[in-house]
Amino acid sequence: MERMRILPKGWKAYLIDLDGTLYHGPRMIPGSDGLITSLRAKRIPFLFVTNNSSRTPEEVAAHLEAMGISARTEEVCTSAVAAARYIAQAQPGCKVAAIGEAGLTIALKEAGLQLTLEEPDVVVQGIDRQFTYDTLTRAARWIRGGARYVLTNPDLLLPSQEGLMPGAGTLSAAIQTASGVKPTVIGKPAAPLMDFAIARLGLEASEVAVIGDNLHTDIAAGVNAGCGTILTLTGITTADNLPDYVKSSGVEADLVCRDLDEVRARICGSGE
């Protein structure tokens, strides 16, 4: 069934991507601070939603604040926290082998899951910049032995100050090849992260719009979840490559804005 396109006036809250939308690495994208300030002034609910599993919500909020973007810990939804909640709801208190960084391990502990390196019930994997051949071997053996495989996010590449670097999806490609098993994906464009964020807002999906720079992840996630979508041409997608990205992703945004000042004007009004 074709997704019903909704008008901006029907949107009551927003799920906002981070890297490429509000900042590039340590640098704030112009208009980010004004957008968040206007949303607060208008009392429009929003959450920051990121596929990055390496940072805790506290660290994400601190990173935003350091750039001058107003943020609170409770406004941050990460793929790590969503993955931990997803596993805890399906298998409360189960044994989990974590392949990832502090943002993931802390989320798993806070969800009441048991971290282990012996016969786990679940292998959960995110970005891991200490990933080794031994890690790959153990993960493949656990999964082939019956452990469930959960992936925080499928991003193949991540931006850094030095250039692109392999993401969680690239590491997952090796694990999938070695184990012969495809994971349950939590992050964008899959549904669990979006469902987690929408539930925290306490709204219906059709009342929420996703703001992001990537048609393949942010906008596709919004479409898959039944949300509205706003594409900002501040990161991955630009005016020049937009037609190619529409074709390769198979999705289009409800609104396309050249920058965050235009996003702000469209959803908050030009007077704010």
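You'll find the structure just up there.
Let's talk about the sheet that holds strand 8 (residues 122-125)
In step 1: Judged by pairing direction, the sheet is parallel, and its five strands sit side by side in the order 7-6-8-9-12 without closing on themselves. Either end of the sheet is taken by a strand with one partner, and the two such strands are strand 7 (114-115) and strand 12 (184-185).
In step 2: Here strand 8 runs beside strand 9 (residues 148-151); their pairing, made up of four bridges, is parallel. Within strand 9, the residue paired with V123 across the bridge is Y149.
In step 3: This element, helix 5 (residues 133-144), spans strand 6 (95-99), strand 8 and strand 9 of the sheet and lies at about 150 degrees to strand 6.

Observations concerning the pairing of strand 1 (residues 13-16)
A regular strand places its side chains on the two faces of the sheet in alternate fashion.
In step 1: Side-chain alternation along strand 1 places A13 and L15 on one buried face and Y14 and I16 on a second face that is also buried.
In step 2: Sheet analysis places strand 1 next to strand 13 (residues 208-212), joined by four bridges and oriented parallel. Residue pairing across strands places I16 opposite I211, the latter belonging to strand 13.
In step 3: Where strand 1 lies against strand 4 (residues 46-50), three bridges are found, and the strand directions are parallel. Counterpart to L15 in the pairing with strand 4 is L47.

Definitions and limits used
- Residues numbered from 1 in each chain as written.
- Predicted model: local features only at pLDDT ≥ 70, side-chain atom pairs only at ≥ 80, totals over all residues.
- Heavy atoms only, no water.
- Pairing = 2+ DSSP bridges.
- Helix = DSSP H or I, 4+ residues; strand = E, 2+ residues; numbered from the N terminus.
- Contact = heavy atoms within 4.5 Å.
- Axes fitted to C-alpha atoms, helices over the stretch in contact; angles between N-to-C directions.
- Buried < 20%, exposed > 50% of the residue type's maximum accessible area, 1.4 Å probe, protein only.

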